[in-house]
Amino acid sequence: MSISDTVNKMSSSGAFSSPDQRSAYDDENESQMNGEVHSHLEKSIRPYIDLIDTLRSIGIHKDLALPTIVVIGDQSSGKSSVLEALSGVALPRGTGIVTRCPLELRLKKVPGVNWKAVLTYNKKTGGFVNFAGPIKASKMVAQPTHNEKKIEFADPSLVEQHVAEAQNELAGKGVGISDELITLEIMSPDVCDLTLIDLPGITRVPVEGQPEDIGKQIKRLILKFIIKHETINLVVVPCNTDIATTEALKMAQEVDPAGIRTLAILTKPDLIDKGTEKNILAIVHNTVIPLRKGYIMVKCRGQQQIDDEIPLKDAAQMERDFFQNNDYFRCLLEENKATVKCLAIKLTQDLVDHIKKSLPQLHEEIKKKLWNVKRALKDCEDGPPEDLKGAKEFLIKILNRFNEQIKSLSSGELVSEKNLFVELRAEFKKWNDYLNSTKKSFNPSNKLSQKNRGRELPGFSNYRLFEKILQDHVAKLKEPANDLLNAIKDIIIKQFADIVSECFQNYHILQNITKDTINNIQLNQLEKAEQRISEQFKMENRIFTQDPIFLKILSEITNEIYSEKELPVFDKRCTYSHMLEAYYEIVVQRTADQLPLMITFYMLQETAQILSTDVMKLLEQPDVHELLSENSDVSRKRKELRACLNRLTAAAKEISSFLTD
Ligand code: GDP
Ligand code: MG
């Protein structure tokens, strides 16, 4: 059996085996190609492609994967040639790596307009440009700020230059690559309705100036696109290579083992090795590496034709002639497995089918994501409004809340995990225990011995000595009293600081100011309290208590009844030490209460009051926004979430209205 017989047999056993079917298809196909039913087709496909383009313009591809066609292939496999043939526009070409950023090509068939193109990309202004541009150290920590650059032009010959410039800006001059998307929208009566993304070609050997791992970098970038289930992978493979082992096809197979979303384009059929036609035909007929979407063979302009400046229109005719005159591949025309035109129609239909299929799921996903983002935003929302009035009101609100917290803390209402009054009471108990430990029996044989006797006759006691013994003993309490004061101060400062952190969580400037304020107030109050303690001990230097109190304690100690009626005759030497003990007991009881009361008053109550007033003075600060400047990660997160929310909301609206139309 001759090869042409085989081919005929293959073709007649293909999808269009029945003559009726075939002619019906051929008619439709023919008229589509001549643009007769194209307008009818357009009505049904354009809206879908437009919807996805709109969603991508909204930026939703940052949040979700969109139905897309990406073009991948080894370097010089003919990617650009295919895209050129599809778009009718010369794209940057040359040897080595030419496509250095993902290039989204939006082709829009607009009847009756002059050729027009819009190039958009996000111009980087931060310090994140790979090679070009001065890098300011201060910008490195900042978010890279994007601003969109848009260039409109009406001369197809400018495409190359503008794309190259955009690439230079995004990936740096030279040979580096970038993940940033460049969008080229082309409106013309002569293009098909299609959006596809061109990716850098796979290389193995770095050229001069390229990082060692350029091959890896490119593969990583390609993988980022082709791994998504929403992507149709268009794999460009030259016929004159070992098709089955090309890197691009291998990558596509890895992410889509069943070949459901992979379409292969076989280029350069005119450069084929004589004798391999049969094998190649078998591949196109999907018997070697089966792909659900199959294979299409195209013949683009060769280098010679480019050098001869053969117009794309003529090239299309030459392509047709090539297939018609090729004994092996002629059959592919009938099977709709050859020519760029056929590819364009198939791609458009595939893309639209794909969009139709994924739309409900996409809608669901957007709604789900929207809900999540709203929730996440709530967690870090309540940020300060941008306008001055709003910001001021916001400041009042958070200051009031802070004051309320301080108030409940100081009045002992706040029951937090670390209850202030529990901590204070523990310190007070320590103080009380300490005081009790300083009590002792005043043994007359010690201090009241003969050694200390004055001019009095035996049997008389010296009141001055009595006073001196007590004064000395009480004075020793002053230092521990100051220790107590400091311990209390530390506890209170810590608790106040906790409230500051909690209330002004995201506002570091406000936090610092309030913490400083608290420290200043406490310093002042500490001085006052020290002064007051010092005075207290000066007073204690005078031995004083009310008679009934003294007698009551004395009775308790001695188990004898002393009454005021006996005064002043019970001055008996035997009760001298008891009287000392009784008086000291009174001092202990007095200071056990007095000091905590005093310290709490100065360090907590008064501090809280002064703080409330001082904090409100912050409202007089001229720069409210400065005061409310947030910790960078919080504001960044909120900004991102808000942007995401806007995108999702817009996208949800687009899809809803599309589905209800
Ligand atoms: P890319 O690196 O994948 O974008 O490859 P190009 O589109 O730049 O093509 C590489 C070279 O192959 C160019 O010189 C093209 O003219 C040439 N080429 C592409 N397709 C064909 C084809 O079908 N036939 C012939 N003869 N040459 C082709
Ligand atoms: Mg190229």
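Everything numeric here is computed off the predicted structure, so don't read it as measured data. (Residues numbered from 1 in each chain as written. Chains lettered and ligands numbered in written order. Predicted model: local features only at pLDDT ≥ 70, side-chain atom pairs only at ≥ 80, totals over all residues. Heavy atoms only, no water.)

Trainee: Explain the overall build of the chain to me, and be specific about the residues and the numbers.
Mentor: Looking only at helices and strands, the chain features 22 helices and nine strands. Looking at the chain as a whole, 48% of its 661 residues are labelled buried. Pairs at least 24 apart in sequence give 81% of the contacts found in the chain among residues at least 6 apart. Accessible surface, the chain as shown: approximately 34,100 Å² in total, 52% of it carbon and sulfur. (Helix = DSSP H or I, 4+ residues; strand = E, 2+ residues; numbered from the N terminus. Buried < 20%, exposed > 50% of the residue type's maximum accessible area, 1.4 Å probe, protein only. Contact = heavy atoms within 4.5 Å. Areas by Shrake-Rupley, 256 points an atom, 1.4 Å probe, with all protein chains shown as cover.)

Trainee: Explain the pairing of strand E1 (residues 68–73) to me, using residue names and the numbers behind them.
Mentor: Looking along a regular strand, one sees the side chains alternate between the two faces of the sheet. Among the six residues that make up E1, six are buried, leaving the element largely enclosed by the rest of the structure. Of the two faces of E1, the one holding Thr68, Val70 and Ile72 and the one holding Ile69, Val71 and Gly73 are both buried throughout. Taken together, the six bridges between E1 and strand E7 (residues 231–238) define a ladder with parallel strand orientation. In the strand pairing of E7, valine 70 is matched with asparagine 233. (Pairing = 2+ DSSP bridges.)

Trainee: Which residues make up helix H11 (residues 312–325), and what values go with them?
Mentor: The end-to-end C-alpha distance of H11, which contains 14 residues, comes to 20 Å, matching closely the 20 Å that a straight helix rising 1.5 Å per residue would cover. Next to the buried residues of H11 lie strand E9 (295–297), helix H12 (330–334) and helix H13 (340–380). (Expected span 1.5 Å × (residues − 1).)

Trainee: I'd like a description of the packing of aromatic side chains, backed by residues and values.
Mentor: In this structure the tally under the stated criterion is eight aromatic pairs. Note on tryptophan 115 and phenylalanine 153: the rings are 6.1 Å apart at their centroids and 50° apart in plane angle, and the pair reads as tilted. One end of the pair, tryptophan 115, is in the loop between strand E2 (103–109) and strand E3 (116–124); the other, phenylalanine 153, is in strand E4 (residues 146–153), and 38 residues separate them in sequence. For the pair shown, tryptophan 115 and phenylalanine 153 are each scored as buried. Aromatic pair phenylalanine 394 and tyrosine 507: ring centres 6.0 Å apart, planes at 70°, arrangement edge-to-face. Of the two residues, phenylalanine 394 sits in helix H14 (residues 388–410) while tyrosine 507 sits in the loop between helix H17 (478–503) and helix H18 (508–540), which places them 113 residues apart along the sequence. (Phe/Tyr/Trp six-rings, centres within 6.5 Å; stacked < 30°, edge-to-face > 60°.)

Trainee: Would you mind going over the pattern of salt bridges in detail, with residue names and values included?
Mentor: For the coordinates displayed, the defined rule picks out 32 salt bridges. Here aspartate 179 ties to arginine 220 by a salt bridge, and the two come within 3.4 Å at their closest N and O atoms. Of this pair, aspartate 179 sits in the loop between helix H6 (159–171) and strand E5 (182–188) while arginine 220 sits in helix H7 (residues 214–226); the two residues are 41 residues apart in sequence, bridging distant segments of the chain. Connected via shared salt-bridge partners are Arg46, Asp50, Asp53, Arg56, Glu104, Arg106, Lys108 and Glu185. (Salt bridge = Lys/Arg side-chain N within 4 Å of Asp/Glu carboxyl O.)

Trainee: How would you summarise the confidence of the model for the chain if you had to cite specific residues and measurements?
Mentor: As a general rule, the predicted coordinates of low-pLDDT regions are not to be interpreted in detail. Overall, the predicted model of the chain reaches an average pLDDT of 83, with 85% of residues at or above 70. Averaged pLDDT values over the elements of the chain bottom out at 30 in helix H5 (residues 137–141) and peak at 96 in E9. A low-confidence stretch, residues 1–40 (pLDDT under 50), is modelled with 37 contacts involving residues beyond four sequence positions or located in other chains. Long-range and interchain partners of residues 126–145, a stretch whose pLDDT sits below 50, account for 28 contacts in this model, where long-range means more than four residues apart. (pLDDT = per-residue confidence, 0-100.)

Trainee: Before we move on, could you go through the site of ligand 1 and cite the residues and values that matter?
Mentor: The environment of ligand 1 is formed by 18 residues, the closest being Ser76, Ser80, Ser81, Asp270 and Gln303. Measuring from an oxygen atom of ligand 1, one finds a backbone N or O atom of glycine 78 at 3.0 Å. The backbone of cysteine 300 places a nitrogen or oxygen atom 2.8 Å from an oxygen atom of ligand 1. Here ligand 1 has 570 Å² of accessible area as a free molecule, and 89% of this is covered by the chains. Taken together, the elements giving at least two residues each to the shell around ligand 1 come down to helix H4 (79–87) and helix H10 (303–307). It is H4 that provides the largest number of residues to the shell around ligand 1, a total of three residues. (Near = heavy atom within 4 Å. Polar contact = N/O pair within 3.5 Å; in protein donor to acceptor, adjacent residues only side chain to side chain.)

Trainee: Which residues make up the pairing of E7, and what values do they have?
Mentor: Of all eight residues in E7, eight are buried; the element is thus mostly enclosed. Both faces of E7 are covered, namely the face carrying Thr231, Asn233, Val235 and Val237 and the face carrying Ile232, Leu234, Val236 and Pro238. Judged from the six bridges that link them, E7 and strand E8 (residues 262–267) form a sheet pairing that is parallel. Across the sheet, asparagine 233 pairs through a bridge with threonine 262, a residue of E8. Note that the unit made of E7, helix H8 (residues 247–255) and E8 has a crossover that is right-handed. (Right-handed = clockwise from strand over helix to strand, strands pointing away.)

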